[in-house]
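A structural walkthrough
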Number of protein chains: 2
Amino acid sequence: MREFVVVGHTTPTSDFSLDDLPGAGRVDVLCRCVNSAFVLSHSVREDVRLHLVLRGEEEATVRFEGDELRYLNPDERSTAALIREALDEREEVVGHQEVESTPGVHVSKKGFEEVVEETSRRGEVIELHENGEPLVDAETPEHGVFVLSDDEDFTDEERGVLEEVADASRSVGLEVLHADHSMTVVHNWLDTEGFERY
Amino acid sequence: MREFVVVGHTTPTSDFSLDDLPGAGRVDVLCRCVNSAFVLSHSVREDVRLHLVLRGEEEATVRFEGDELRYLNPDERSTAALIREALDEREEVVGHQEVESTPGVHVSKKGFEEVVEETSRRGEVIELHENGEPLVDAETPEHGVFVLSDDEDFTDEERGVLEEVADASRSVGLEVLHADHSMTVVHNWLDTEGFERY
């Protein structure tokens, strides 16, 4: 399985307009991450889980499960609508529970530390950061958890969590990419294992 | 230099609504291709040229030049607005000329064959297709021209042109990706040359 954790530092946990996604705390970045996580030509990557950790106002995490998703389209606007529907349900969440807003989309009040610690019990946590060691030199993990930030860098608090929990810090190349492009590179790195011998 | 040619088979060359980009002949796919071609974290890839060949109604080609671009943002909606502005200028185009609609964005009435033949005089033309040989096995080109299709396959006519002009047909991996994801993989393939020794 492949898991991704993406932090949205300024994304509001309340309502926002679908006509100005960059203005809504860069929710456009997160929509492209959803696309990169799941969208294949004419199908969806079922063996993928994505956690969007939204920190713009109150903490909220929107979890997407590839094998449960029904209404995912590749464009930003319709994906933003799914995120907005999830956030609408946030107030219904009691304690550590989750609520499913649309098939395969779940919302909770979990914060960054809780999400990353949970994922670390399931797989190998790899921070993706421009200062990391080359990803291409790493062994491909059986169950990789890739942690990325949006257009802002990790905060000191997030960095502290990652120093405790992450198994490695890796960079995808010599150019600094947006989070969604880095996710596409990670998928391709795992997809092409043995591709030379195909 | 890196060049990309992306065919939009159903994208209208007339007006369309920014509120329904998938409904506008999948112009959302092309907007994501513009993003993948140029957008880096906090900068733009200047050494890139992208040709969007739109074939939904009349022929139109929108050419983006990385070193001239001014108003490019990463989100789909604002990119679609740039494409729409270019198409608005299409009627002003006389013969084989081009009109610059916004800085770095040029529109012409060129068709697929003309665009691909032009690019082939400058660089090595590589068709990207799921049935191609592994891209990772290829030599990285000095000036690569990567030709991709949107969510529809190349037509027989386009395939005929590529058989004449393309130097190779390559596939980016074992999964079939959308055009924009394939472009990100191509960039990363070129970006990471020698990255292991960094």
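For the structure itself, consult the block above.
Predicted model only: the values in this text are computed from it and were never measured.

What counts, and at which threshold
- Residues numbered from 1 in each chain as written.
- Chains lettered and ligands numbered in written order.
- Predicted model: local features only at pLDDT ≥ 70, side-chain atom pairs only at ≥ 80, totals over all residues.
- Heavy atoms only, no water.
- Salt bridge = Lys/Arg side-chain N within 4 Å of Asp/Glu carboxyl O.
- Helix = DSSP H or I, 4+ residues; strand = E, 2+ residues; numbered from the N terminus.
- Least-squares fit on C-alpha atoms with pLDDT ≥ 70 in both.
- Pairing = 2+ DSSP bridges.
- Axes fitted to C-alpha atoms, helices over the stretch in contact; angles between N-to-C directions.
- Contact = heavy atoms within 4.5 Å.
- Buried < 20%, exposed > 50% of the residue type's maximum accessible area, 1.4 Å probe, protein only.
- 1 Å grid on protein atoms, 1.4 Å probe; cavity = no way out; pocket = protein on both sides within 12 Å on 5 of 7 lines; lining within 4 Å.
- Points joined across faces, edges and corners; volume = space filled by probe spheres on them.
- Nonpolar A, V, L, I, M, F, W, Y, C, P; charged D, E, K, R; others polar.

**Regarding the pattern of salt bridges**
Side chains bearing opposite charge may pair, as long as their charged atoms lie close to each other. Residues and elements named next belong to chain A. In this structure the tally under the stated criterion is 48 salt bridges over all chains. Where Arg-122 meets Glu-3, a salt bridge forms, and the shortest distance between an N and an O atom there is 2.8 Å. Of this pair, Arg-122 sits in the loop between α3 (112–120) and β8 (124–134) while Glu-3 sits in strand β1 (residues 2–8), and the two are 119 residues apart along the sequence. With a shortest N-O distance of 3.1 Å, Glu-127 and Arg-159 are connected by a salt bridge. Taken together, the residues Glu-127 in strand β8 and Arg-159 in helix α4 (residues 156–165) connect sequence positions 32 residues apart.

**Some words on the relation of the copies chain A and chain B**
Superposing chain A onto chain B takes a rotation of 180° combined with a translation of 0.0 Å along the rotation axis, leaving an RMSD of 0.0 Å. Expressed as a symmetry operation, the mapping of one chain copy onto the other fits a two-fold axis. No C-alpha of chain A lies nearer the rotation axis than that of Val-185 of chain A, which sits 3.0 Å from it.

**Looking at the sheet that holds strand β6 (residues 99–102) of chain A**
Residue and element names in this part refer to chain A. A sheet is described by the order of its strands in space; here eight strands give the open sequence β6-β7-β5-β4-β1-β9-β8-β10, paired in mixed fashion. Unpaired on one side and paired on the other, β6 and β10 (168–171) mark the two borders of the sheet. The mean inter-strand angle of the sheet, taken between neighbouring strand axes irrespective of direction, is 30°. As paired strands, β1 and strand β4 (residues 48–54) are joined by seven bridges and run parallel to one another. The residue of β4 that forms the bridge with Glu-3 is Arg-49. Each of β1, β4, β5 (60–65), β8 and β9 (144–149) is contacted by α3, which is oriented at about 170° to β1, the strand it contacts most.

**Thoughts on the environment of Arg-84 of chain A**
Residue and element names in this part refer to chain A. Along the chain, Arg-84 falls in helix α2 (residues 76–88). For Arg-84, a relative accessible area of 25% corresponds to the partly exposed category. Distance in space between the C-alpha atoms of Arg-84 and Glu-57 is 14 Å, their sequence separation being 27 residues. For Arg-84, the residues in contact, after removing those within four places along its chain, are Asp-15, Phe-16, Ser-17 and Leu-18.

**Description of empty space enclosed by the protein**
All told, the structure shown has three cavities of 30 Å³ or more when counted by the stated rule. In this structure, the largest cavity occupies an estimated 80 Å³ of space. Lining the largest cavity we find Arg-32, Asn-35, Ser-36, Asp-180, His-181 and Thr-184 of chain A together with Arg-32, Asn-35, Ser-36, Asp-180, His-181 and Thr-184 of chain B. Elements supplying a minimum of two residues to the lining of the largest cavity: α1 (27–38) and α5 (179–191) of chain A together with α1 (27–38) and α5 (179–191) of chain B. Of the residues belonging to the lining of the largest cavity, the class tally is no nonpolar, eight polar and four charged.

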